[in-house]
Amino acid sequence: MSTYDVIVIGSGPGGYVAAIRCAQLGLKTACVEGRETLGGTCLNVGCIPSKALLHASHMLHEAEHNFAEMGLKGKSPSVDWKQMLTYKDSTIDTNTKGIEFLFKKNKIDWLKGWGSIPEAGKVKVGDEVHEAKNIIIATGSEPSSLPGVEVDEKVVVTSTGALELGKVPKKMVVIGAGVIGLELGSVYSRLGSEVTVVEFLDAITPGMDPEVQKTFQRMLKKQGLDFIMGAAVQKVEATKTKAKVHYKLRKDDSENAIDADVVLVATGRKPYHEGVGLDDLGIRLTKRGQIAVTKEWETDVKGIYAIGDVIEGPMLAHKAEDEGMAVAEVIAGKHGHVNYGVIPGVIYTHPEVASVGETEATLKEAGRAYKVGKFSFMGNARAKANFSGDGFVKIVADKETDRILGAHIIGPSAGDLIHEICVAMEFGASAQDLAMTCHAHPTYSEAVREAALACGDGPIHM
């Protein structure tokens, strides 16, 4: 039996970051992982492999649509799907091995196997029981499905199966117009699939700024994605090679069906804590099946903590990482903090979509007076030169104090640009503070400054 200060169950972004930070703070740490590789869903079957395919398919799109206009002439590249998957797998391998190196560097023990908590202070992995003064549950989430939809990961797939299809399908139906569905739908659309997105609601990307939603959907339609909105999927009939998606339109209750070679079920994710032993421990769950925790991420059982997708909040890798660092600080006797009001969200399509903080809709609902500064990328010289003039930056600020309350970007490098706003919000900056900060020219970031100027007297280049 080994004894540790901390045992982390799960090696995803929340788990491995928590383990590393605990070790940095001088705590003897181990991490339990049953996969053959570290990194959890994110590195193995989520964020990282999907970004590899998004990058590869975007390069194909550039070659097919923009190269000739820039004077780069020649035959468009053909798609070697097998090689593209090899590239994706090598990306996974590089990143997961990187986590393994970091564990060795920080003297973290990898307890290989699936972990459970037989009682407070003990973690069982296989036949071995280890003692721990503190335990962190970071078991993440798994794809959720719909009644009448049976996933086989071949014809009816989740994001996991969509990352390793045997071939590029001629027709793909995506159930759900959220982040995962739109990202992977974009990949296959660029590769030549006829992609149709079926969404229950009347707008894509629920919770995002309404203006961004409309602009984003229009851009995706222009790229070739079709949308069936306000449609409730009833069932999916699948054979070994085909599927038929049955849905009912909410506006008139009419029943319809659409054929597909592959159906991607992208209806969100749910907390995963099966086999951990929460019931026997008396750890309380929320109505949505999440582990209930205090402000310091401790469960109902003293010394047992939980972070990431398994607790309340957005299911984002970087949110889990922040909680991983914070809970390590708490266990080490320091002060851990996560500002949940400044957690950005990004969709890695082209163009990218990014947001942080409040939307106009949430501010109206709260009855808070606000103002909006908006700037189109068509006024940005760098964006126009790079065929990226579609989209805009929108900043919402308090009407009286000018303090930045949120931002919404659709356009080139939106996922990177949003962090300038995040830093500004962390320091309680006003839109004027941002507007008075010199931005290098020519860069996409100038569009952020112009949006900040638009909160005051107005932008310069529009």
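Structural data are supplied above this passage.
Notes on the structure follow. Along every chain, residues carry numbers that run from 1 in the direction the sequence is written. Local features in a predicted model are, by the rule used here, given only for residues with pLDDT of at least 70; side-chain atom pairs are given and counted only at 80 or more, and totals for whole chains, interfaces and linings are based on all residues. Side-chain measures here rest on the full set of heavy atoms in the structure, leaving out hydrogens and waters.

### Comments concerning a nonpolar patch on the surface
Logical step 1: On the surface, a nonpolar cluster with roughly 340 Å² of combined accessible area is contributed by Phe-67, Met-70, Leu-72 and Phe-387.
Logical step 2: In DSSP terms, a helix is any run of H or I states spanning at least four residues, a strand is any run of E spanning at least two, and both are numbered starting from the N terminus. With respect to the element layout, Phe-67 can be found in the loop between helix H3 (47-65) and helix H4 (81-105).
Logical step 3: Taking the relative accessible area as the measure of exposure, Phe-67 reaches 30% and is therefore partly exposed. The patches reported here contain residues having more than 30% relative accessible area and no salt bridge. Joining distances are 9 Å for like charges and 5 Å for nonpolar side chains (Val, Leu, Ile, Met, Phe, Trp, Tyr). With residues, only the protein chains shown are counted as cover, and all accessible areas are computed by Shrake-Rupley using a 1.4 Å probe. Here a salt bridge means any side-chain nitrogen of Lys or Arg lying within 4 Å of a carboxyl oxygen belonging to Asp or Glu. Here the term buried applies to any residue with accessible area under 20% of the maximum for its type, exposed to any over 50%, and partly exposed to those in between, with areas from a 1.4 Å probe on protein chains only.

### Quick notes on the nonpolar core
A general trend in soluble globular proteins is that nonpolar side chains are found buried together.
Logical step 1: Put simply, a nonpolar core is a bunch of buried Ala, Val, Leu, Ile, Met, Phe, Trp, Tyr and Cys residues held in one set by side-chain atoms that sit within 4.5 Å of each other. Ranked by size, the top nonpolar core spans 52 residues in total, and within it Phe-103, Ile-136 and Ile-137 carry the most contacts.
Logical step 2: Contact partners of Ile-136, with chain neighbours within four places excluded, come to Val-6, Ile-7, Val-8, Ile-9, Ala-18, Cys-22, Tyr-305, Ile-307, Val-327 and Ile-331.
Logical step 3: Core analysis: the second largest hydrophobic core is formed by 36 residues, Met-172, Leu-182, Met-219 and Phe-392 among them. Contact between two residues is taken to exist if any of their heavy atoms lie within 4.5 Å; hydrogens are not considered.

### Here we look at the pairing of strand E12 (residues 231-238)
Logical step 1: Any two strands between which DSSP finds at least two bridges are classified as paired. In the sheet, E12 pairs with strand E13 (residues 243-249) via 7 bridges, with the strands oriented antiparallel. Bridge pairing in E13 links Ala-238 to Ala-243.
Logical step 2: Here E12 hands over to E13 after 4 residues, the two strands then running antiparallel side by side.

### Comments concerning the state of the cysteines
Logical step 1: When two cysteine sulfur atoms are found within 2.5 Å, that pair is recorded as a disulfide. Taken as a whole and assessed by the stated rule, the structure comprises 0 disulfides.
Logical step 2: Left unpaired, Cys-31 is separated from the closest cysteine sulfur, that of Cys-22, by 10 Å.

### Re the side chain of Asp-402
Logical step 1: Take Asp-402: it is sitting in the loop between strand E21 (392-398) and strand E22 (404-411).
Logical step 2: Residues in contact with Asp-402, not counting those within four places in the same chain, are Lys-371, Ala-397, Ala-429, Ser-430, Ala-431, Gln-432 and Cys-455.

### What to know about a negative patch on the surface
Logical step 1: Side chains of Glu-150, Asp-152, Glu-153 and Glu-164 sit close together on the surface and give a patch of like negative charge.
Logical step 2: Within the secondary structure, Glu-164 is located in the loop between helix H5 (159-162) and strand E9 (171-175). Counted as positive: Lys and Arg. Counted as negative: Asp and Glu, with His and the chain ends omitted from the count. For this purpose, a charge sits on NZ of Lys, CZ of Arg, CG of Asp or CD of Glu.

### Points about the pattern of salt bridges
Logical step 1: Under the criterion given, the structure shown has 18 salt bridges.
Logical step 2: For the salt bridge of Lys-394 with Glu-211, the shortest nitrogen-to-oxygen distance reads 2.8 Å. Remark: Glu-211 occurs in helix H7 (residues 210-222) and Lys-394 occurs in strand E21; sequence separation between them is 183 residues.
Logical step 3: Salt bridges sharing partners connect three or more residues here, namely Asp-209, Glu-211, Glu-360, Lys-374 and Lys-394.

### Considering H7
Logical step 1: Expected helix span is taken as 1.5 Å per residue step, with the number of steps being one fewer than the number of residues. Relative to the 18 Å expected for 13 residues at 1.5 Å per residue, H7 spans 19 Å between its end C-alpha atoms, a close match to the ideal helical length.
Logical step 2: Every buried residue belonging to H7 is among Val-212, Gln-213, Thr-215, Phe-216, Gln-217, Met-219 and Leu-220, and all of these are buried.
Logical step 3: Looking at the buried side of H7, the elements it contacts are helix H6 (179-190), strand E11 (226-228), strand E18 (345-347), strand E19 (352-357), E21 and E22.
Logical step 4: Contacts described as polar in this section are N or O atom pairs within 3.5 Å, which, within protein, must combine one atom able to donate a hydrogen with one able to accept it, while residues neighboring in sequence count only if both atoms come from side chains. Sitting at the head of H7, Asp-209 places a side-chain oxygen 3.0 Å from the backbone nitrogen of Glu-211.

### Remarks on the sheet that holds E21
The strands that make up a sheet are held in pairs by hydrogen bonds between backbone atoms, and each pair lies either parallel or antiparallel.
Logical step 1: Taking strand neighbours across the sheet as the criterion, the 5 strands line up as E18-E19-E22-E21-E20 in an open arrangement whose pairing is antiparallel. This sheet does not close on itself; its edge strands, each paired only once, are E18 and strand E20 (370-376). In this sheet, neighbouring strand axes are inclined to one another by 10 degrees on average, regardless of whether the strands run parallel or antiparallel.
Logical step 2: Alignment of E21 against E22, held across 6 bridges, turns out to be antiparallel. When the bridges of E22 are listed, Ile-395 appears paired with Ala-407.
Logical step 3: The strands touched by helix H12 (residues 414-426) are E18, E19, E21 and E22; relative to E19, the strand with the most contacts, the crossing angle is about 15 degrees. Here an angle of 0 to 180 degrees is reported between the N-to-C directions of two axes, which are lines fitted to C-alpha atoms, with helices fitted over the stretch in contact.

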